[in-house]
Structure formats: structure tokens, C-alpha cells
Amino acid sequence: MSMIKCCFEPLEMPEFLDSFVKKCTEGCCCGCCSALRPRYKRLVDNIFPANPEDGLVKSNMEKLTFYSLRSPEKLDRIGEYLYQRASKDIYRKRYKFVEIAMEAMDLLLMACHAQILNLFVESFLRMVQKLLEDTNPTLQIMATNSFVRFANIEEDTPSYHRRYDFFISKFSSMCYGNNDDMELRDSIRMAGIKGLQGVIRKTVSDDLVANIWEKQHMEKIVPSLLFNMQSGPSKSTDTEATPSTPPLLAEAVLRELVSRASFGHIKSVLKPLLTHLDHHKLWVPNKFAIDTFRIVMISIQPQYSYTVVETLMSHLDQNLTSSPKTRTSLAVVLSKIIAIAAGESVGPSALDIINNLLMHLKTSVSTQHDESTPEETQYQEALINALGEFANHHPDYQKIEIMLFIMNTVPDPSNKSKGDQLLQNILLKSLLKVGTQYRTVSFEKAFPVSFLQPLLKMARAASIPIRIIVMQIFQQLLDRHQNQHLLNVISVSHYPTLTIESPTRSDILFTHKYGSNILQAIIESMSQENHLEVLKSSYNTIALVIVEMACGETVQEFLLFILGVQQVAVTEVELSPKHRCNLHSIAISLLILLGRCTGIGSLVEYVEKLIQARKEEASYLLPPLMDNDKSAPSTLNTNLPHLLVDKLAVAECLQQAGLENNRVQTGTPYALNQTDISAHRHSWVDTHSAVRNSVVDSSYNDIESVSSSPGVQKRSLASEYNFESMKRVLAEPTEVAKREAREKQMQIGRTFRETAFEDLVRRTEPKHDVIQNKLNEIFNALSAERQISASCGVQAAGSLLAANGGLLNGPSMIEPGKHHVAAGGQRPIYENNFPELFFY
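None of these values were measured; they are calculated from a predicted model.

Engineer: Lay out the overall build of the protein in plain terms, naming residues and giving numbers.
Structural biologist: If you tally the helices and strands in the protein, you get 36 helices and zero strands. Here the protein holds 840 residues, and 49% of them are scored as buried. When contacts within the protein are restricted to residue pairs at least 6 apart in sequence, those whose partners lie at least 24 apart make up 73%. When the accessible area of the protein is evaluated, it comes to approximately 41,900 Å², of which 53% is carbon and sulfur surface.

Engineer: Now, about the packing of helix α9 (residues 165–174) against helix α10 (residues 182–203): what can you tell me, with residues and values included?
Structural biologist: Across the interface, α9 lies against α10 with an axial gap of 7 Å and an inter-helix angle of 150°. Regarding the angle of α9 to α10, the classification is roughly antiparallel. Handedness of the α9/α10 crossing: left-handed. Along the contact surface, α9 presents F167, I168, F171, S172 and M174, while α10 presents I188, R189, A191, G192, G195, L196 and V199. Taken together, the residues of the contact of α9 with α10 sort by class into eight nonpolar, three polar and one charged.

Engineer: Any chance you could break down the pattern of salt bridges for me, citing the residues and the numbers?
Structural biologist: Overall, the coordinates contain 22 salt bridges when judged by the stated rule. Linking R85 and D45 is a salt bridge whose minimum nitrogen-to-oxygen distance equals 2.7 Å. One end of the pair, R85, is in helix α5 (residues 75–91); the other, D45, is in helix α3 (residues 39–46), with 40 residues separating them in the sequence. Judged by its relative accessible area of 22%, R85 falls in the partly exposed class.

Engineer: Explain the nonpolar core to me, and be specific about the residues and the numbers.
Structural biologist: Membership of the largest hydrophobic core comes to 210 residues, with the highest contact counts inside it found for L82, F293, L428, F447 and F561. Membership of the second largest hydrophobic core comes to seven residues, among which are Y620, L621, L640 and L643.

Engineer: So what about the packing of helix α24 (residues 505–526) against helix α26 (residues 555–571)? Which residues, and what values?
Structural biologist: Packing of α24 against α26 brings their axes to within 11 Å, and their N-to-C directions diverge by 20°. Our classification of the angle between α24 and α26 gives roughly parallel. Here α24 and α26 pass one another in a crossing that is right-handed. Residues T511, S516, L519, I522, I523 and M526 of α24 lie in contact with α26, whose contacting residues are E557, F558, F561, G564, V565 and V568. A breakdown of the residues in the contact of α24 with α26 according to their chemical character gives eight nonpolar, three polar and one charged.

Engineer: Give a description of α5 that names residues and reports values.
Structural biologist: Its 17 residues give α5 an end-to-end C-alpha distance of 24 Å, which sits within 8% of 24 Å, the value for a rise of 1.5 Å per residue. When α5 is considered as a whole, its buried residues turn out to be L75, I78, G79, Y81, L82, Y83, A86, S87, D89 and I90. One or two steps after α5, the chain reaches K93, where phi turns positive at roughly 65°.

Engineer: Any chance you could break down helix α13 (residues 266–279) for me, citing the residues and the numbers?
Structural biologist: Between its first and last C-alpha, α13 extends 21 Å over 14 residues, near the 20 Å set by a 1.5 Å rise per residue. Buried residues of α13: I266, V269, L270, P272, L273, L274, H276 and L277, and no others. Structurally, α13 contributes buried residues whose contacts are with α11 (215–229), α12 (246–259), α14 (287–299) and α15 (305–318). At the C-terminal side of α13, K281 shows a positive phi close to 55°.

Engineer: I'd love a proper account of the side chain of S491, names of residues and values included.
Structural biologist: Inspection of the secondary structure assignment puts S491 in the loop between α23 (464–478) and α24. At 2.6 Å, the side chain of S491 and the side chain of S493 are in polar contact.

Engineer: Got a sec to walk through the packing of aromatic side chains? Specific residues and values, please.
Structural biologist: In this description, a pair of aromatic rings is defined by centroid distance and the angle of the planes. According to the stated counting rule, one finds 18 aromatic pairs in the structure shown. Measuring from ring centre to ring centre gives 5.6 Å for F447 and F474, while their planes differ by 20°; the resulting arrangement is stacked. Here the residue F447 occupies a position in the loop between α21 (443–446) and α22 (449–459), and F474 occupies one in helix α23, the gap between them amounting to 27 residues. Exposure remark for F447: the relative accessible area of 1% places this residue in the buried category. Among the aromatic residues, those joined into a cluster by ring pairs are F124, F147, F150, Y164, F166, F167 and F171. The ring of F48 is capped by R85, whose NZ or CZ atom sits 4.1 Å from the centre of that ring. When the ring centre of Y379 is taken as origin, the NZ or CZ atom of R327, which lies over that ring, is 4.7 Å away.

Engineer: Summarise unusual backbone geometry; cite the residues concerned and give the values.
Structural biologist: Residues V284 and P285 are joined by a peptide bond in cis, for which omega reads -5°. Positionally, P285 belongs in the loop between α13 and α14. Across the junction of P623 and P624, the peptide omega takes the value 5°, indicating a cis bond. Here P624 is to be found in the loop between α28 (601–617) and α29 (647–656). Despite not being glycine, K93 shows a phi value in the positive range, around 65°. Along the polypeptide, K93 turns up in the loop between α5 and α6 (95–111). The phi dihedral of K281 is positive, around 55°, even though this residue is not glycine. Mapped onto the secondary structure, K281 falls in the loop between α13 and α14. Exposure remark for K281: the relative accessible area of 67% places this residue in the exposed category.

Engineer: Summarise the environment of A613; cite the residues concerned and give the values.
Structural biologist: Checked against the element boundaries, A613 lands in helix α28. Taking the C-alpha atoms as reference points, A613 and L643, 30 residues apart in sequence, are found 6.8 Å from one another. The residues contacting A613, other than those within four sequence positions of it, are A618 and L643.

Engineer: Tell me about the side chain of R467, and name the residues and values.
Structural biologist: With respect to the helices, strands and loops of the structure, R467 is situated in helix α23. Engagement of the side chain of R467 in a polar contact is seen with the side chain of S525, the distance being 3.2 Å. With near-sequence residues (within four places) excluded, R467 lies in contact with M458, A459, R460, A461, A462, S525, Q528, E529 and V534.

Scoring rules and cut-offs
Each chain has its residues counted from 1, following the order in which its sequence is written. Under the rules for a predicted model, residues below a pLDDT of 70 receive no local features and side-chain atom pairs below 80 are neither given nor counted, while totals for whole chains, interfaces and linings still include all residues. To get the side-chain values, take all heavy atoms of the structure and skip hydrogens and water. Comment: elements are numbered from the N terminus, with helices defined as DSSP H or I runs of at least four residues and strands as E runs of at least two. The buried label applies to any residue whose accessible area, calculated with a 1.4 Å probe on protein chains only, is under 20% of its type's maximum; exposed applies above 50%, and partly exposed to all values in between. When checking whether two residues touch, look at their non-hydrogen atoms; a contact exists if any pair is within 4.5 Å. Values of accessible area rely on a 1.4 Å probe in the Shrake-Rupley scheme; residue burial ignores everything except the protein chains shown. Note on geometry: axes are C-alpha line fits, over the in-contact stretch for helices, and angles between N-to-C directions span 0 to 180 degrees. Should an angle fall under 35 degrees it is called roughly parallel, over 145 degrees roughly antiparallel, and 65 to 115 degrees roughly perpendicular, with every other angle called oblique. Crossing chirality is assigned from the near helix's rotation relative to the far helix, an anticlockwise turn below a right angle marking it left-handed and a clockwise turn marking it right-handed. Basically, the charged four are Asp, Glu, Lys and Arg, the nonpolar ten are Ala, Val, Leu, Ile, Met, Phe, Trp, Tyr, Cys and Pro, and anything else, Gly included, counts as polar. Salt-bridge detection follows one rule: a side-chain nitrogen of Lys or Arg within 4 Å of a carboxyl oxygen of Asp or Glu. Nine residue types can take part in a nonpolar core, namely buried Ala, Val, Leu, Ile, Met, Phe, Trp, Tyr and Cys, and a core is a set of them joined through side-chain atoms within 4.5 Å. Each helix should span, by expectation, one fewer than its residue count multiplied by 1.5 Å. In protein, a polar contact means a hydrogen-donor-capable atom and an acceptor-capable atom, both N or O and within 3.5 Å, with residues adjacent in sequence counting only if both atoms are side-chain atoms; elsewhere, any N or O pair within 3.5 Å suffices. Between the rings of Phe, Tyr and Trp (Trp by its six-membered ring), a pair exists once the centres lie within 6.5 Å; its type follows the angle of the planes, with under 30 degrees stacked, over 60 edge-to-face, and the other angles tilted. A ring is considered to have a charge above it if a Lys NZ or an Arg CZ atom is located within 6 Å of its centre and within 35 degrees of its normal.

Here you go:
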């Protein structure tokens, strides 16, 4: 009775009612005051069993869930009350009750609708944070799992003040768990990685929460993932299976993070990644770095992939003072991933990447004071490989642009300093690397004039390694049927597996236009010194040209080249005897190859007889080549006319085969000179007749010069700036007039190169008639002057003829003997019209 009296006595005192109810509901042990407590608290209390080992009371939990759905406004109070109970239980170390409270939180979270979830989330996050702050690993793992379930729920209403800074820091620290128990350690690390994944999923799609891409967050998330990835193998055998180890889970989270990054955020991921690799010295060896960047390149949105390459090259810029091994590893990583970005890099971005790689190569060369070290050489080769891999994934037309871009950065071959030659060597190796990825279809597209001109100039360089690389570039671009490995050996025997295909019309035209320039550069390269590698590479190049381009229309050009090689071997006095023998060997090898490629049986038969004669009398004029370091026969007689290729005999072989042989009979074989590509050989138009027109020759040279350097006028650099020079500049024609003049000149050049000879004669007949009439008038006037001697008259006529167009090239048509006869009463010879032979 006293207890009841005690309980109900305060009812007479209303002012203490509130404190009384609170006291009874919290501290009263008789149970008689439970009806005075709010219903949501009674429902929450009922889910906890008397014995914590029994777990959550399921039936009471269903009642609580039903109440929460009917009264959503009570949800925040329910969450707050659960949080208070869990906090007390944590303090009292009653972890089973804490687990029950957390389970109840999860069930309520999953059962509630998204519209009312915001009322409950704050209490839920406070509960998760409370559990994560405890040192009990079980509570940490349980709280993390609850947070992950919460992260997978899509909320409709935005959250304006929610922050996840604590969770990012806590989950990141869990990723570095170092518990002695391996299983528990992996569980804690897995929980931390899953927590980071939950934070990422919850924040990247919500613009109103704290920006996860900020520097302070990424510097915690990315290193935590990388730390777990480097602790074990990151390659999963089954990509669809759920990751079961920290390395595999960390890799999956990194992929998800990178895939969600936009253009402005990708660098926020890359910078801490690079910093982690630097601090932990993971560049040497670089296997982990390569695997990590491949993961990034595969996961990133394709249109942003070139950003990774730019960031990595920028990091390479910052490590120029690092050890060569570190820079080499960086370059190797770049070469492994750059191919993935190549497909999405077009236009300026592609050339920008190429330019950056070339700048690194130039910087590497400029830092070498003495001979290059092996480490520096490996670094340069890694950059070259990166450049080649990048170019390999571009279409062929872009590869040509890349090769032209590289060629324009190569120093002029006239610069003979050691640094310039080393830079030339490195850049040409880069060009060769790109050339190996190019598949030639048309030589006209593979060798544009702007690319061919400097390449041929480099083929005449004084440096032997540079000339060898240039020949290798030619070989890569010329070899359309994979014959290069067969032609590496200089031999007069038959190549049984050689693939030969008739050249197209486009290839024949290319040979007519630029073949002579290529052949001229090769003969000059072979003639500089007796270096076996240069001779072999030159032979390989010209042999590929013959295999790819030899036919009835081009055979005379190649014969003149072969005769030119032989003539150089015979006439050049500065060549050593061994060098002469090697040139003779190359000439006979090319001649037999030419005969077999064109199918001219008479030529093959003639060369075989010549080879047999050399075997009997002078075997040193046949392959293999003789090196300067090896001994040679005591007597090397290279001036044996009956063992040399006979020009008339070769022309007769062409005649027997029904082919034209005028050029071989009347043309001049190739000789040594230092002309540029603009000095085009008159290879197939001007030599149809025995005598060339000097006016047409000069026009033709001008056309070729303009075509090889469009829009460029040669001016003296030493011109003075005075009134006369300024007036000349103002009087110069406009760009439009210059362009029209160039087009007109090119049209004239094409006309003389492509039009038949009879049509040219027919077009020029009226002009020559006028000249003939003028000459008749002049000669009639001269015949009236009897006091002038016959010899003087002949000389005057000859000079006038030369002044009126230079039509008389070659021997004079007016002979003194005939003039005296004309003075005796016969018709003067100069009154006859010039024959058709002298019109052109």
C-alpha cells in the first residue's frame, strides 16, 4: 500500500506531474507505470528480449514496423530512441543488445518509403558512427554493412546538410587494418573498402552533398584502395564473381570510382594515384604501376582517356631530374597504356601527344654530355616505343601526318655537331618506329613530296648510323609483300620465295616522277665509304624498289642506275679497291634481280654468262661483299672491260624483248652529285629525242622546284633594306597572282610530261614557222653583204640562231665548206627549212 500511495500521491500536485512521469518511466521498477510511456517507446522496448542471446523478437519487430509505416512522423523519434538505447548498451559493453538495436535500424530502413526516409537517416547515421567509433571490430564490421545497405537505397528528397567526412576517414583507416589475426584483418579491410564504395555510390549521384572529388577526400580514398591492391594479386579469374579478397574488392571499387569520374574530376583521382606510386617507390619495378594504369584506362570513359596520357606525361616532366630507371619505368607505363588512348585522340590532341614525346626525347639527348648511358638509352627506347604504340592505333593517313611531323623536327643533316647527330639518330628511330606500323598501299600516298624531300636529304648525311636508319625507313615503306628479309642477303642466285606483283599505274607514275631522286640518293649513299651495313641496307632498299616497281616502262631507269653504280666503281679514283669490288658485286646482283623480276629472258641469259666469266677470272667482283677489316686477294683488278656490264649489250636485250631501249643507248648513267630533290632528273619525257630543248629543260626544272617547295621564293638573306629593295617588294605580284602563275607553270609542266611528242610538235609548228621566216629574212640580208667573208657569215648566223631561242643544240648545222659552194651559185644551205628533228 505504501508503494501505491507513493506512486499516486503526486497526482494531487500537478506541477510535479512531468517530473513524476519521467521518474516513473525511467526508474520505476514495479512496472505499474508503463502505460504512461509513449507507444513508440513501448514498441521499441518490446523488440528486446529478456535474454540477449535470444536475439530480436520478430513479432514485436513487425508491430514496430507496422506502426512506423502508419505513423511516419514518429520515425525520427523511434530512431532517436534506438540510438539512445544503443549508446547506453555500448557504454555498458552489452554488445548483444547493440546488435539487436542495429538490426532493428536496418529493418526499419529497408521497410520505410523513400519519401519519409530523411526523418530517420540522421539517427541511423549517428548510430552507425557510434558503432564505428567503438574499438570492437565486430561492431565496426556490422556498422559498415548497415551503411552499405543504406548507400544502396535511392532517396527521392535531397539532403542539404548531410556530410560524410567522418565515414570517409574511418573507412579509409579500416583499409589499413593490421590485426594479427589474418582472417579478422581481411574482414576489417573488406569492411573499410565496402564502406568507401558505399560513400562513393551515395555521393557521386547527389550534387547537394559534400563533393567527394575534393582533394582531401581523394587523398584518403585512392591510397587506401591502392594499398590493398598492392598487397596481393589484383587479377580476378572470374570477373562476374563477387570479390572475396581485399585486393580484388579494391580493384572493383577503383574501377567504379574511375568510371563515375567526369572530365573535370578524373585528375582528382590521378594525382593521388601518382603521389602514392612516388612515395612508395612503386615505379621500379613498374608491374603494379602498369596494372593500375591499365585498370584506369579500361574503366575511364573513352572520351577522357587521353587525359590520363597527358597527366602521366606531365608527371614525367616533373621527374626529369629523377634517376634514369624511374624515368624509364614511367615511359614504359606510358607505352603500355598509350595505345588505349590513341583510338580516341584525333587532330590536335594526337599531335600534341606526339609533340610531348618528341620534346622528352630532345630533352634526354640535350642532357647527355658524353656518350649515352645504357639507362638513358633504355629511357629513349621506351619513349620511342610509346610513340610507336600510339601511332599504331591511328589510321594510315594520320600515320603519314605523324611521320611528316617527326621529319620536320629532325635537325638539318648539314649540322655535324655530336648533339645534332645524336638527336637526328633518335628522331629518325622514332620515325622508323611509326613506319613499321604503316601498311603501304600506294607509294604516292606513302611518300608525299614534303616527306620525301627531307628524307632523301638525310639519306646523303655524313653519319653512317643516320644513313642506315633512313634506308630502314625506306624499306619499311617500300616492302608491300614482305620481301625485305629475303633481300637482306646480297646474292646473284635466285630468290625462290620472292613475291612479285606487277606495279599499278599509280606506282609507275610515281617512279617516273620521283624514282630518279630516290636512286640518286642511294647511289650517293653507297659511294661515300666502304661500310658493309650501309652497302647492305642500300642494296636492300634498291632491291625492294626493283621488286615493287620494275616493269617494261621503268626497266630503263633501273638499268641506268645499275650502269651508274658500275661507272662509279670504275671512274671514281678516291674509292678503295675493296669498295670498287663491292659496288661491282651490287651492280651485278641488282642486274640479275631486275632481269628475273621483269621476265626478260635475254637479259637474264646475258647476266648469267657474265657471272660465269667473273667466277672464272675475277670472283672478287661477285658477292659476298668484302669488308675493310678482312683480307683480300693480292691483286684486285676492277678494270676488266669484258667482265663489266656492256651498255649496248643490255640495250640489245631490251630490243629482243620488244621493249624500248633509247634511254639506255642515249641516256647518261647515274653519277655522283650533290643535287637536291628539286633538281629532277629528266627521266622519261625529255630523253625521247637525242637532243633536248634548253628552254623546255629550264621550264621543267622551274616546275619541279615550285612543286617541291610551294609558296617559297628563294631570296638572298644578305639583301639590303634600302629604297630600291622596298620598291621591288611593293612591285611584287600579289599572292593570288603568284598562285595563278604557279598553276600555269604546273599546267605547262604536266603538258610537256604527259603529252605525246607528235602533239607537242603540232602545237609548236606555228611558232617555229614564225622563227623560220625571221631567219630567212636575216639570212637574205646577210647574203646581200658580199664584203663579209664566208667564215664570218657562218659565225654570225650561228650566233643569231642561238639568240632566237637556242634551237640549235649540238653540232652546228652550217658548215664552212658548204657555204663556199653556195657562194658559187647553188642554193645556200641555210635557206632550207630546219628538219623536224630540230623543232624540239
